[in-house]
Amino acid sequence: MNLNLKVNSKDHLEIGGIDTTEIAEKYGTPLYVIDEEKIRDNYKRVYNAFTKFYKNFKILYACKANTNLAVMRILESEGSNIDAVSTGEVYTAIKSGFSPDRILFTGNNVRDDEMAYVDSEGVRINVDSISQLKRLAKIVNPDGNNDGYKISFRVNPNVGAGHHEHCITGGPMSKFGIMEEEAVEVYQMAIDLGFKPVGMHSHIGSGILNPEPFKLATEAMMKIAGNVHKNTDVEFEFLDFGGGLGIPYTPEEPLLDIEPFAEEITGIYKDKLADYGMGNPDLYIEPGRYIVGDASYLLTRVNTIKNSYRKFIGVDTGFNTLLRPSMYGSYHHIVLANNANAEAVEKVDVAGNVCESGDLFARDRILPKIEEGDLLAILNAGAYAFSMASQYNSRPRVGEVLVNNGESEIVREKETYDDLYTKQIVPDRLK
Ligand SMILES: *Cc1c(COP(=O)(O)O)cnc(C)c1O
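Criteria and thresholds
- Residues numbered from 1 in each chain as written.
- Predicted model: local features only at pLDDT ≥ 70, side-chain atom pairs only at ≥ 80, totals over all residues.
- Heavy atoms only, no water.
- Near = heavy atom within 4 Å.
- Polar contact = N/O pair within 3.5 Å; in protein donor to acceptor, adjacent residues only side chain to side chain.
- Areas by Shrake-Rupley, 256 points an atom, 1.4 Å probe, with all protein chains shown as cover.
- Nonpolar A, V, L, I, M, F, W, Y, C, P; charged D, E, K, R; others polar.
- Salt bridge = Lys/Arg side-chain N within 4 Å of Asp/Glu carboxyl O.
- Helix = DSSP H or I, 4+ residues; strand = E, 2+ residues; numbered from the N terminus.
- Buried < 20%, exposed > 50% of the residue type's maximum accessible area, 1.4 Å probe, protein only.
- Contact = heavy atoms within 4.5 Å.
- Phe/Tyr/Trp six-rings, centres within 6.5 Å; stacked < 30°, edge-to-face > 60°.
- Lys NZ or Arg CZ within 6 Å of the ring centre and 35° of its normal.
- Domains from an automatic or database assignment.
- Buried area = accessible area lost by both parts, 1.4 Å probe.

Quick look at the site of the ligand
By nearness alone, 16 residues border the ligand, and Lys 64, Ser 206, Gly 244, Glu 286 and Tyr 384 come closest of all. Between Lys 64 and the ligand, the recorded distance is 2.7 Å, taken from a side-chain N or O atom to an oxygen atom. Note that a nitrogen atom of the ligand is positioned 3.0 Å from one of the side-chain N or O atoms of Asp 83. Protein contact buries 95% of the 390 Å² of open area that the ligand shows by itself. Looking at side-chain class alone, the shell around the ligand contains 4 nonpolar, 7 polar and 5 charged residues.

Encoded structure:
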């Protein structure tokens, strides 16, 4: 079992040294519980593994996984940098204390005013298309001289991988990046426009547990970078291989063994740098899920048990709070938090409270005997969980609690009914 659970002497699941039944009692359910130590451990594990083999290394935390300000502060204090995919994330990172030089903006189908904002904050822009390059040139300097303004490009290394089709971001079906065939031309175009291209980026997908595709993508991007270096004046300051490092969601899935992974990737990196005579540019990676995924739990209480065509365990939240099972068919492990060592004995469906049949946290899951009033913990709810939450069915979004060293603090208050209609305006004539 790779899910690494702590159960106390009362057979209750514990998070960050606190009994989950006490947290649920104190704050109510549904509730997200974030374990600070796990985030710090995950960050350090990646950082130490890579720097062991290559010193010029940076982690750019992909904050779309979880932008809670406390989580951002934890990662800021660890020395992380930020991968931001929207202007809102750039704004959030700056608000969380990240200086602009610690942020890289990798947008997709970016508007001019968004580039202008990112530029005005002094945040570096990783360009996704020729269209974006030409429009950026006009924004940075309408007179046509860009004075060595530093940029990088996202390339599509024609390798993709991921836990679901929607999460494969490299390869011929992907909308992201520039193609290998046009890379030299595009970097030259940037130079001719007065830019100074200093980086190359790729991100092939998300939820990758097998190192093979990541290795292939590393080799493929190094080939593209080597070719650009050889055929233009570009001297790379950094090469960014994106995120995608997976975590086990089922008890059977393997852990990504980070140190051998780091050794292999840095090995390819150093060999190719030497082959292509590219010096020692910084190596970046952009993990999101790996840093925060297993650090949060969604606590939800069982309120209805229904024996109809199937046995449904009905809980007090739904895909408005955790979309991944409904959207991607993702497995999230579920623990009976108030009896965490109980044996799994019956096949049930765990159903949320949203009015859609697809609102299931688990189908045909073998779980212990569950009763109304029981507390369930849905695991691995730290990445793409709150950040994908909605108010669908007019349900206020739930709160978040941070636990550390046996202490708990609210880091996001649960929304109220009033929060459901802030910013709405009813015209006078309809009142
Ligand atoms: C989503 C994303 C990541 C992070 O992906 P994870 O699977 O969470 O590691 C990194 N870089 C970019 C550009 C992304 O869009």
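Structural notes on the pattern of salt bridges
Applying the stated criterion across every chain, the model contains 20 salt bridges. Lys 58 is the partner of Asp 282 in a salt bridge, and the nearest nitrogen-oxygen pair spans 4.0 Å. Here Asp 282 is found in strand S13 (residues 282–285), whereas its partner Lys 58 is found in strand S5 (residues 57–62), with 224 residues between them in sequence. Among the residues examined, Lys 58 registers a relative accessible area of 29% and is labelled partly exposed. Between Glu 180 and Lys 223 there is a salt bridge, with its nearest N and O atoms 3.3 Å apart. With Glu 180 in the loop between strand S10 (178–179) and helix H7 (183–192) and Lys 223 in helix H8 (residues 211–231), this pair connects stretches of sequence that are 43 residues apart. Note on Glu 180: relative accessible area 30%, which makes it partly exposed. The exposure class of Lys 223 is partly exposed, given its relative accessible area of 48%. One salt-bridge network, in which partners are shared between bridges, spans Glu 36, Arg 40, Lys 44 and Glu 78.

A few points about the side chain of Glu 400
Secondary-structure assignment places Glu 400 in strand S20 (residues 399–404). Among the polar contacts listed, one links the side chain of Glu 400 to the side chain of Asn 68, at a separation of 2.6 Å. Within the local environment of Glu 400, its side chain forms a polar contact with the side chain of Arg 412, the two groups lying 2.6 Å apart. With residues near it in sequence (within four places) discarded, Glu 400 still touches Leu 31, Tyr 32, Ile 34, Asn 68, Phe 386, Glu 409, Ile 410, Val 411 and Arg 412.

Some thoughts on the packing of aromatic side chains
Aromatic rings in a pair are described by how distant their centres are and how their planes are angled relative to each other. One pass over the full model with this rule turns up 13 aromatic pairs. Centroid distance Phe 50 to Phe 57: 4.7 Å. Interplanar angle 5°. Geometry classified as stacked. Per residue, the accessibility class of Phe 50 equals that of Phe 57, and both read buried. Seen from their ring centres, Tyr 149 and Phe 195 are 6.0 Å apart, and the 70° between their planes marks the pair as edge-to-face. In this pair, Tyr 149 is assigned in strand S9 (residues 149–156) and Phe 195 in strand S11 (residues 195–201), connecting sequence segments 46 residues apart. Classification of Phe 195 by relative accessible area gives buried; the value is 4%. The ring of Tyr 331 has Arg 365 sitting right over it, with the charged end atom 3.8 Å from the ring centre. Between the NZ or CZ atom of Arg 412 and the centre of the ring of Phe 386, over which it lies, the distance is 3.8 Å.

Some words on the domain arrangement of the chain
Assigned domains of the chain: these are domain 1 (6–35 + 293–420) and domain 2 (36–291). When each unit is reduced to the centre of its C-alpha atoms, the spacing between domain 1 and domain 2 is 33 Å. The interface is formed by 27 residues belonging to domain 1 together with 24 residues belonging to domain 2. Approximately 2100 Å² of surface area, both sides summed, lies buried where domain 1 meets domain 2, with 50% of it carried by carbon and sulfur atoms. Scanning the region where domain 1 abuts domain 2 turns up 0 salt bridges. Here domain 1 is connected to domain 2 by 13 residue pairs in polar contact (both at pLDDT 80 or more).

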